[in-house]
Amino acid sequence: MKIAVATQNIGKLKEFNELATLTPYDFIKLPSNINQLPAETGKTFYENALIKAKFVSDTLGIPAIGDDSGLEVDALDGRPGIYSARYSDTGTDQDNCLKLLKELEECKDKTRNARFKCSLVGYFQGKIISSSGSLEGKIATQFKGSNGFGYDPIFVVESGYHLAELKKNEKNEISHRSSAFLKLLKEIPLLFN
Ligand code: ITT
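Residues numbered from 1 in each chain as written. Predicted model: local features only at pLDDT ≥ 70, side-chain atom pairs only at ≥ 80, totals over all residues. Heavy atoms only, no water.

**Description of helix 3 (residues 93-106)**
Because an α-helix completes one turn every 3.6 residues, residues spaced three or four positions apart along the sequence face the same direction.
Item 1. Taking 1.5 Å per residue, 14 residues should reach 20 Å; helix 3 reaches 20 Å between its end C-alpha atoms and fits that length.
Item 2. The inward-facing, buried residues of helix 3 contact strand 3 (64-73) and strand 5 (127-139). (Helix = DSSP H or I, 4+ residues; strand = E, 2+ residues; numbered from the N terminus. Expected span 1.5 Å × (residues − 1). Contact = heavy atoms within 4.5 Å.)

And the structure:
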């Protein structure tokens, strides 16, 4: 049973592949004829995940799962939120992290509480399933670790480690993406019925 993972983010894809080993499904990456996903015009993680899943499913004719995720920082009223990938001018992971550290340094509110959110939406022929997950933590003052992707080097989890210091199986034990994935797994048969 093939399901396309509607993402161009290699970091997300690697985590999906690791999670998928526990399932009976064959999660496939985007084929080369899909080299761009539609504009993320939604106002929520859910809406953007649905846009990606529907586009890929309709294009390939098989079920697809879209992942829209990001970081909500309390001192910044929830920003960057759904704009996490497009936060800095370049949109690179490094520049996004640097911009966030600078903004927090200049911010009056010195609390550094934040959370990752992940919305997963599965789509096939008008059928929709969805789930979400979150991971609480704090924004560090500097980068640490070389695993993971995105904001992982500056996100500190309860144990005191930066997410980028964790091995992929350790991140998958606690992450916003894995908790959303485990919930979605129970619903996936609905897409094939
Ligand atoms: P696709 O739309 O192709 O899936 P994207 O990177 O544009 O890829 P999003 O629009 O969902 O995906 O943006 C999510 C951003 O939030 C992502 O680029 C990361 O910077 C960040 N992010 C999401 N999950 C993360 C995680 O587990 N660790 C670190 N950063 C994460």
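**Quick word on the nonpolar core**
Item 1. Counting residues in each nonpolar core, the largest one holds 20 residues, and the members touching the most others are L71, V73, L100, I139, Y151 and F155.
Item 2. For this core, the secondary structure elements donating two or more residues are strand 3, helix 3, strand 4 (113-124) and strand 5.
Item 3. Among the elements that line this core, the one with the most residues is helix 3, at four residues.
Item 4. One finds L13, Y25, I129 and F181 within the second-largest nonpolar core, a separate group that totals 19 residues. (Core = buried A, V, L, I, M, F, W, Y, C linked by side-chain atoms within 4.5 Å. Buried < 20%, exposed > 50% of the residue type's maximum accessible area, 1.4 Å probe, protein only.)

**Here's the deal with the sheet that holds strand 1 (residues 2-5)**
Item 1. Ordered in space as 2-1-3-4-5-6, the six strands form an open sheet in which the pairing is mixed. Each edge of the sheet is formed by a strand with only one pairing partner; in this case those strands are strand 2 (26-28) and strand 6 (155-156).
Item 2. As judged from the three bridges shared by strand 1 and strand 2, these two strands associate in the parallel manner. In the sheet register, A4 faces strand 2, and the bridge partner there is I28.
Item 3. Lying over the sheet, helix 2 (residues 45-60) contacts strand 1, strand 3, strand 4 and strand 5, oriented at roughly 160° with respect to strand 3. (Pairing = 2+ DSSP bridges. Axes fitted to C-alpha atoms, helices over the stretch in contact; angles between N-to-C directions.)

**Focus: the site of the ligand**
Item 1. As a structural note, the neighbourhood of the ligand is formed by 21 residues, with T7, Q8, K52, D152 and K171 the closest of them.
Item 2. In this structure, K12 approaches the ligand through a side-chain N or O atom, which is 2.8 Å from an oxygen atom.
Item 3. For the ligand, an oxygen atom lies 2.7 Å from a polar atom in the side chain of K171.
Item 4. With the chains in place, 92% of the 600 Å² that the ligand exposes on its own is no longer accessible.
Item 5. Residue assignment for the shell around the ligand shows that the elements contributing at least two residues are strand 3 and helix 5 (176-192).
Item 6. Residues of the shell around the ligand, tallied by class, amount to five nonpolar, eight polar and eight charged. (Near = heavy atom within 4 Å. Polar contact = N/O pair within 3.5 Å; in protein donor to acceptor, adjacent residues only side chain to side chain. Areas by Shrake-Rupley, 256 points an atom, 1.4 Å probe, with all protein chains shown as cover. Nonpolar A, V, L, I, M, F, W, Y, C, P; charged D, E, K, R; others polar.)

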